[in-house]
Amino acid sequence: MQTFYHGSSVLFPKFDLSHALEGDGKVKFGYGVYVTSHYRSAAHYAGANPAATNFYVYTVEVPDIREDNYIAFKEPVHPAILKRAEKKLGEAIPEKFTKDGKDFRKFLAKKLTGKVDLEGEKAASAFLIAVGVDFIQWPYNWKNPSLGTNRAILDDNNVRIVSVDQVQLDNKKQLIEGSQTAVKI
């Protein structure tokens, strides 16, 4: 397991994807639990809901990265994932959809439901889980990918809460250093 962080304006004891759109209302990077390798970034996302008055940063454990358990934006799909996906679909996936994890995910959504909307994203996530994919990954900073990563963990049961801090944010939704207070859930 690896340590990552999740920001929310809601205090909860367990992740539940039925609440996935209650933060910023988007499924931009796939249907899953969004986590980041940066505490400050998680704090910022805790402020996504403009009506929120409480902000929490969850320290979580998520599956380790292996070469064939994730897809990544702007990276080719691992051959083992592609092989498992084609076997499950019963057909070859056009090469143009295998050169970038984002295109691959969108191809699956459209193939499974006919569209790339919330239902398509849910179907793509369920399919990816069935072929051994634990998460979708993209850089924390697109200009400097070495700074860390963000992930959408596809199965909410694969996210274990280690601790929760209540934090304070400034008017730009940035973490006020030293404001962290441990919370019991």
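Some words on the packing of aromatic side chains
Link 1 in the chain: In total, this model carries twelve aromatic pairs according to the counting rule given.
Link 2 in the chain: Through a chain of ring-to-ring contacts, three or more aromatic side chains come together here, namely F29, Y34, F73, W138 and W142.
Link 3 in the chain: A cation over a ring is seen here: R151 above F135, with NZ or CZ 4.1 Å from the ring centre.

Thoughts on helix α2 (residues 79-89)
Link 1 in the chain: Those residues of α2 lying buried are I81, L82, A85 and L89. Seen end-on, α2 carries its buried residues on one side only, within an arc spanning 100°. Residues P79, K83 and K87 are exposed on α2 and point more than 90 degrees away from its buried face.
Link 2 in the chain: Those residues of α2 that are buried lie in contact with β4 (70-72), α3 (101-113) and α4 (118-130).
Link 3 in the chain: Immediately beyond the C-terminal end of α2, within one or two residues, lies G90, with a positive phi of roughly 80°.

Details of the packing of α2 against α3
The geometry of a pair of packed helices is captured by two quantities: the angle between their axes and the separation between those axes.
Link 1 in the chain: Look at α2 against α3: their axes get within 13 Å of each other, and the N-to-C directions meet at 5°. As summarised for this structure, α2 and α3 are arranged roughly parallel, according to the angle between their axes. Contact with α2, carried on its side by I81, L82, A85 and L89, involves F104, F107, L108, K111 and L112 of α3 and no other residues of that element.
Link 2 in the chain: The class makeup of the residues in the contact of α2 with α3 is eight nonpolar, no polar and one charged.

Some remarks on the pattern of salt bridges
Oppositely charged side chains may form a pair once their charged atoms are brought near each other.
Link 1 in the chain: Inspection of the entire model under this criterion finds nine salt bridges.
Link 2 in the chain: Here D68 makes a salt bridge to R84, at a shortest N to O gap of 3.2 Å. One end of the pair, D68, is in the loop between β3 (55-62) and β4; the other, R84, is in helix α2, and 16 residues separate them in sequence.
Link 3 in the chain: For D68, a relative accessible area of 22% puts it in the partly exposed group.
Link 4 in the chain: Assessed through its relative accessible area of 27%, R84 is described here as partly exposed.

Quick notes on the packing of α3 against α4
Link 1 in the chain: Closest axis-to-axis distance for the α3/α4 pair is 8 Å, and the angle between their directions is 105°. Classified by the angle their axes make, α3 and α4 are roughly perpendicular. Taken together, the residues of α4 that come into contact with α3 (itself represented by F104, R105, L108, A109, L112 and T113) are E119, G120, E121, A123, A124, F127 and L128.
Link 2 in the chain: Its residues placed into classes, the contact of α3 with α4 shows eight nonpolar, two polar and three charged.

With respect to the nonpolar core
Link 1 in the chain: Membership of the largest hydrophobic core comes to 22 residues, with the highest contact counts inside it found for I71, I93, F104, L108, L128 and I136.
Link 2 in the chain: Other than its neighbours up to four places away in sequence, I93 contacts L82, A85, E86, T98, F104 and F107.
Link 3 in the chain: With 19 residues, the next largest nonpolar core counts F4, F15, V62 and V164 among its residues.

Re the side chain of T59
Link 1 in the chain: With respect to the element layout, T59 can be found in strand β3.
Link 2 in the chain: Residues within four places of T59 in sequence aside, it is in contact with T3, F4, Y5, R160, I161, V162 and S163.

Observations concerning the environment of N157
Link 1 in the chain: Its location among the elements puts N157 in the loop between β6 (149-153) and β7 (160-167).
Link 2 in the chain: A relative accessible area of 55% means that N157 is categorised as exposed.
Link 3 in the chain: Considered as a pair, N157 and F15 are 142 residues apart in the sequence and their alpha carbons are 7.3 Å apart.

Thresholds applied
Residues numbered from 1 in each chain as written. Predicted model: local features only at pLDDT ≥ 70, side-chain atom pairs only at ≥ 80, totals over all residues. Heavy atoms only, no water. Phe/Tyr/Trp six-rings, centres within 6.5 Å; stacked < 30°, edge-to-face > 60°. Lys NZ or Arg CZ within 6 Å of the ring centre and 35° of its normal. Buried < 20%, exposed > 50% of the residue type's maximum accessible area, 1.4 Å probe, protein only. Helix = DSSP H or I, 4+ residues; strand = E, 2+ residues; numbered from the N terminus. Arc of directions from axis to C-beta. Contact = heavy atoms within 4.5 Å. Axes fitted to C-alpha atoms, helices over the stretch in contact; angles between N-to-C directions. Parallel < 35°, antiparallel > 145°, perpendicular 65-115°, else oblique. Nonpolar A, V, L, I, M, F, W, Y, C, P; charged D, E, K, R; others polar. Salt bridge = Lys/Arg side-chain N within 4 Å of Asp/Glu carboxyl O. Core = buried A, V, L, I, M, F, W, Y, C linked by side-chain atoms within 4.5 Å.

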